[in-house]
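This is what each chain is made of:
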Amino acid sequence: YIVIGNVVVYFLSMLSRNMVDGVISGVYTENTEPYAQIDRPIVAFDRYLGAHIPMVRADHMQGGRLAAEALIQHGCKCVLPFGSVEGIPIEATMPFKQKDAVFERCIRDSGIGYVSYENKLTLEAPPDELLELLLMQNPRVDGVFASDNIACSILRIALRLGLRVPQDLAIVSY
């Protein structure tokens, strides 16, 4: 998917000029303004872009539950989830954030330890150095819940640190 604002404007411009028949947008940006004036076929994937644009979405509440259950069944005692982005409303514009709230509730209800990490800056993945520091500062962590790109980084870092996956560190991605 494309996340760079100018590229979004470019594709919407192509839509307005009838160069494409429609757009399926999976962009996770806070700026929905470019979509407001478009009167052509647009479908949003997991992102609210406006009342006039239909949205296709996954069952994120079930996804959060299944992720938590996987780590619970694996026997994890302390998990580190990556997903919360401070200041972004869960329901309003990015429904995929529901998974994080459900995951946290399920883990806390089960009595498993929970290390909070909130990305205060961006939807982008944290740098590897920060991920490694978080793992090293939290040696009790034996489970991670993250998006695909962060999970791949965590796997690479865990192996570099000599951790066995999934024996020492279970990783669930959604």
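Note on numbering: residues in each chain are counted from 1, in written sequence order. Whole-chain, interface and lining totals are the exception, using all residues; otherwise, since this is a predicted model, local features are given only for residues with pLDDT of at least 70 and side-chain atom pairs are given and counted only at 80 or more. For side-chain calculations, the full set of non-hydrogen atoms in the structure is used, while hydrogens and water are omitted.

A. The overall build of the protein chain, seen in detail. Only DSSP runs of H or I covering at least 4 residues are called helices, and only runs of E covering at least 2 are called strands; the numbering of each starts at the N terminus. When helices and strands are tallied, the protein chain shows six helices and seven strands. If you list the helices and strands of the protein chain from N to C, you get α-β-α-β-β-α-β-α-β-α-β-α-β. Taking all 174 residues of the protein chain together, 39% fall into the buried category. Contacts between residues were defined by any pair of non-hydrogen atoms, one from each residue, lying within 4.5 Å. Of the contacts formed within the protein chain by residues at least 6 apart in sequence, a portion of 61% connects residues at least 24 apart. Per element, the accessible surface of the protein chain, about 9700 Å² overall, is 56% carbon and sulfur. Between buried and exposed lies partly exposed: a residue is buried under 20% and exposed over 50% of the maximum accessible area for its type, with that area taken using a 1.4 Å probe on protein chains only. Computed by Shrake-Rupley with a 1.4 Å probe, the accessible areas treat only the displayed protein chains as cover when residues are assessed.

B. Structural detail: unusual backbone geometry. Each neighbour pair has its own omega, and for Val165 with Pro166 the value is 10 degrees, a cis peptide bond. Position of Pro166 relative to the elements: it lies in the loop between α6 (148-160) and β7 (170-173).

C. Quick look at the nonpolar core. As used in this record, nonpolar core signifies buried Ala, Val, Leu, Ile, Met, Phe, Trp, Tyr and Cys residues forming a set joined through side-chain atoms within 4.5 Å. With 17 residues, the main nonpolar core has Leu80, Phe82, Leu135, Val141, Val144, Ile154 and Leu169 as its most contacted residues. At the level of secondary structure, the elements contributing two or more residues to this core comprise β4 (78-81), α5 (128-137), β6 (143-146) and α6. A total of five residues in this core trace back to one element, the largest contributor, which is α6. With near-sequence residues (within four places) excluded, Ile154 lies in contact with Phe82, Leu131, Leu135, Val144, Leu169 and Ile171.

D. Just the pattern of salt bridges, in detail. Only one rule defines a salt bridge in this text: a Lys or Arg side-chain nitrogen within 4 Å of an Asp or Glu carboxyl oxygen. Taken as a whole and judged by the stated rule, the model has five salt bridges. Note that Asp128 and Arg156 form a salt bridge whose closest N and O atoms lie 2.8 Å from each other. Remark: Arg156 occurs in helix α6 and Asp128 occurs in helix α5; sequence separation between them is 28 residues. Of the residues examined, Asp128 reaches a relative accessible area of 21% and is grouped as partly exposed. The exposure class of Arg156 is partly exposed, given its relative accessible area of 41%. Put simply, Arg160 and Glu132 hold a salt bridge, and the shortest N to O gap is 2.7 Å. Of the two residues, Arg160 is situated in helix α6 and Glu132 in helix α5; the sequence distance between them amounts to 28 residues. The exposure class assigned to Arg160 is partly exposed, which follows from its relative accessible area of 49%.

E. Broad picture of the sheet that holds β7. In short, DSSP must find at least two bridges between two strands for them to pair. The strand order across the open sheet formed by four strands is β5-β4-β6-β7, and the pairing between neighbours is parallel. Of all the strands in the sheet, just β5 (113-114) and β7 have a single pairing partner and so form its edges. Sheet analysis places β6 next to β7, joined by four bridges and oriented parallel. Looking at the pairing, Val144 lines up with Ile171 of β7.

F. Quick peek at the pairing of β6. Burial of the side chains of β6 extends over both faces: Gly143 and Phe145 are buried on one face and Val144 and Ala146 on the other. Between the parallel elements β6 and β7, the chain passes through α6 in a crossover that is right-handed. If you view a crossover with the strands going away from you and the path from the first strand over the helix to the second runs clockwise, you call it right-handed.

G. View of the sheet that holds strand β2 (residues 42-45). Here three strands make up an open sheet; going across it, the order is β1-β2-β3 and the pairing parallel. A strand with exactly one partner marks an edge of an open sheet, and here the two such strands are β1 (23-25) and β3 (55-56).

H. Highlighting the confidence of the model for the protein chain. Every residue is assigned a pLDDT by the predictor, reflecting its confidence on a scale from 0 to 100. Looking at the protein chain as a whole, the pLDDT averages 83, with 82% of positions reaching at least 70. β7 holds the highest mean pLDDT among the elements of the protein chain, 97, whereas helix α1 (residues 5-16) holds the lowest, 73.

I. Examining the pairing of β2 more closely. Along β2, the buried face is formed by Ile42 and Ala44; none of Val43 and Phe45, which line the opposite face, is buried. The pairing of β1 with β2 spans three bridges and is classified as parallel. Bridged to Ile24 within β2 is Val43. Note: β2 against β3, two bridges, orientation parallel. For Phe45, the partnering residue across the bridge sits in β3 and is Val56.

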